[in-house]
Every structure is written in structure tokens, then in C-alpha cells.
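Okay, here's what each chain looks like letter by letter:
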Amino acid sequence: MPELPEVEVSRMGIAPHLEGQQIDKVVVRDRRLRWPIPEQVENFAGALITQVERRAKYLILHTDKGYLILHLGMSGKLRVVPRESLVVKHDHFDLQLTNGQCLRFNDARRFGCVLVSDVHPGLEHPLLRDLGPEPLTDAFTAAYLHSKSRSKQQSIKTFIMDNHVVVGVGNIYANESLFKAGIHPKRAAGKVSLARYQKLVPIIKEILTAAIAQGGTTLQDFTQADGSPGYFKQHLNVYGRGGKQCMVCKSELKEIRLGQRSTVYCAQCQR
């Protein structure tokens, strides 16, 4: 599933082509996504797109007629292409612009979504209103994370992956951040000291920022908005490397399941 850096890279890829442009026509070829695409999307014909925002893994298109909410799901892809470009299998949704371009949403597994809102969804929409802070903002601090973790018996890894605690720290980046911070992924979140959170939080910010800068992690189902792959995967220290040597101490990396997700760590470097 695309994680926060991949979604942010998508936002960066499509925003220059959409902001300031007018929607000429909305084309829905198949409404059957995670939730049916609502008929109200057709009302956005004629709307001016003023901003493309990201909240967690959701993309929010601001227009003078309301807001469109997009989620890539597990396999969703966004392309900006000429509106007459050949339609391929799983091209479910188009925003055709008056300048002859088109935002096209392709989703083979149909876990993505296209939804509408009359008010800013970050404040009101049930999918977004209860989310935690963005990890790359000043609201995400060691003091905040330490306070939220008190008395928590869940593992530190599942804790930082909880979108109600902080958004966008998905499986890949949780593995990598805990390794670099030297924290065992199974350690209870409530047993992690403030000093260790003071080390962990800047590392999370650093790793996510690096992933965004390098184009997002190359996943099987993800490419950038222009079709080129990301380049961060080659720099991963632990994710996907279970059974291989730790790059720091050369001991064998362990792989377990936590919260039904693959978790790779070094028993020597992480305590």
C-alpha cells in the first residue's frame, strides 16, 4: 500500500497541472471502488481547482464548488495525461480539464476512493476528522508522543503506526525509524522513555522527508504521477531484509509479525 511519502509525491506530481485549472467534464467509468463513487462528482464540472492538499494518505482537491477526496487504496495510480489518451483497464475516473489535460485514476484492486464534501473534510469528514497530527509538522513532538503513550501496553511499532496517534508512519517507515533509533519494535509504548522519544521523533521526520525527496519507495503497485518509479527502497536498512545481515553489527536480522504486519529488526542494535 502506498505510504505517506508516496502519496505526497503524487500530490507534488499532480498539483502543478491541476491548481488554477477548470474542470470541463467528470467521467466515471465504474463507480465500484471501496465505496461507490457518488453521483455528486458530476456536479464538479465547471469547478475551478484552487489547491491540491494531502491529509494523511488522502488527497483533497479544493474547488470553488466544494472538495474532492481521493485515496489511492492499495494499488491506485494517478496520471495527468491528454484527455484523448487511450483508456486502459481499471481507468475508473477522469477529471477532464478545459486545457485539454486530464487527471486519470486507475485502481486495479478497487480499494481506493473518490468522495465529495461541501466543507473542508479535514475538520468534518468522518474519515479524516479524528486523525492524529501530521508527522512533518510542529504538532508532532517527542513530548506529544510520550504523553500519548503513557500506560499503553501495545508495542511501540503498532503505536506509531496508529493514525489516531500520528498519521502516515506506515509499515516500511516504522521499521526503518525504530531501527535507526535503536528501539525494539515489541517494546511497550508506555515503557519508552521521553529521552528515547526525543531520539525517535526527529528520526521519523528525517526518514519521511528523505523518502519524499527521493521520490517515494518503489512498491510493486506504485509509480509517480509521471510514471517513473521512486528511488528510496535501495536505502532501506531492515524492511524486506529478514534473515540478512544487519548493516551495522552484521548479526542476522529477525522477522516477526506485529499487528499482522511484517516486522524486521536487529536484536543486537534494538533494545
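Residues numbered from 1 in each chain as written. Predicted model: local features only at pLDDT ≥ 70, side-chain atom pairs only at ≥ 80, totals over all residues. Heavy atoms only, no water.

Novice: Describe the sheet that holds strand β5 (residues 77-82), with residues and values.
Specialist: Strand order in this open sheet of four strands is β1-β6-β7-β5, and the pairing throughout is antiparallel. Each edge of the sheet is formed by a strand with only one pairing partner; in this case those strands are β1 (23-28) and β5. On average, each strand axis in the sheet is tilted by 20° relative to the strand beside it, whichever way the strands run. In the packing of helix α1 (residues 4-18) onto the sheet, contacts are made with β5, β6 (91-97) and β7 (101-106), and the angle to β5 comes to roughly 30°. (Pairing = 2+ DSSP bridges. Helix = DSSP H or I, 4+ residues; strand = E, 2+ residues; numbered from the N terminus. Axes fitted to C-alpha atoms, helices over the stretch in contact; angles between N-to-C directions. Contact = heavy atoms within 4.5 Å.)

Novice: Any chance you could break down the packing of α1 against helix α6 (residues 194-213) for me, citing the residues and the numbers?
Specialist: Axis separation between α1 and α6 bottoms out at 9 Å; the angle between their running directions is 40°. On the basis of the axis angle, α1 is oblique to α6. You can see that α1 and α6 cross each other, and the crossing is right-handed. Where α1 abuts α6, its residues Leu4, Pro5, Glu8, Val9 and Met12 lie against Leu208, Ala211 and Ile212. (Parallel < 35°, antiparallel > 145°, perpendicular 65-115°, else oblique. Left-handed = near helix turned anticlockwise from the far one by under 90°.)

Novice: Got a sec to walk through the environment of alanine 267? Specific residues and values, please.
Specialist: Structurally, alanine 267 can be placed in the segment after β10 (261-265). With a relative accessible area of 26%, alanine 267 lands in the partly exposed category. Once the C-alpha coordinates of alanine 267 and serine 147 are considered, the two residues, 120 residues apart in sequence, prove to be 27 Å apart. (Buried < 20%, exposed > 50% of the residue type's maximum accessible area, 1.4 Å probe, protein only.)

Novice: Tell me about the state of the cysteines, and please be specific about residues and values.
Specialist: Counted according to the given criterion, the structure contains zero disulfides. Here cysteine 266 is not disulfide-linked; the sulfur of cysteine 249 is the nearest cysteine sulfur, at 3.5 Å. (Disulfide = S-S within 2.5 Å.)

Novice: Tell me about α6, and please be specific about residues and values.
Specialist: In an α-helix, one turn spans 3.6 residues; hence positions three or four apart end up facing the same way. Here α6 is 20 residues long and its end C-alpha atoms lie 29 Å apart, about the 28 Å a rise of 1.5 Å per residue gives. Of all the positions in α6, only Tyr197, Leu200, Val201, Ile203, Ile204, Ile207, Leu208, Ala211 and Ile212 are classed as buried. Buried positions along α6 lie against α1, α3 (142-149), α4 (156-160) and α5 (171-181). Looking one or two places after α6, you find glycine 215, whose phi comes out positive at around 100°. (Expected span 1.5 Å × (residues − 1).)

Novice: Now, about α1: what can you tell me, with residues and values included?
Specialist: End to end, α1 covers 20 Å across 15 residues, agreeing with the expected 21 Å (1.5 Å per residue, within 8%). Here α1 has its buried residues at Leu4, Pro5, Glu6, Val7, Glu8, Val9, Ser10, Ile14, Ala15 and Leu18. Taken from the residues just after α1, glycine 20 is the one with a positive phi, measuring 85°.

Novice: Help me get a handle on unusual backbone geometry, residues and values and all.
Specialist: Phi angles above zero are rare outside glycine, and histidine 90 is one such case at about 75°. Note that histidine 90 resides in the loop between β5 and β6. Looking at histidine 90, the relative accessible area reads 24%, which means it is partly exposed.

Novice: Talk me through the nonpolar core; I want residue IDs and the actual numbers.
Specialist: Within the largest apolar cluster, 27 residues are counted, with the highest numbers of intra-cluster contacts made by Ile14 and Leu103. Taken together, the elements giving at least two residues each to this core come down to α1, β1, β2 (49-55), β3 (58-63), β4 (66-71), β5, β6 and β7. For this core, the element with the highest residue contribution is α1, accounting for four residues. Leaving out residues up to four positions away in the same chain, isoleucine 14 has contacts with Val52, Leu59, Leu78, Val80, Leu103 and Ala225. Core analysis: the next-biggest nonpolar cluster, separate from the first, contains 26 residues, Ile160, Ala189, Val192 and Ile204 among them. (Core = buried A, V, L, I, M, F, W, Y, C linked by side-chain atoms within 4.5 Å.)

By themselves, these are just geometric observations and shouldn't be taken as functional.
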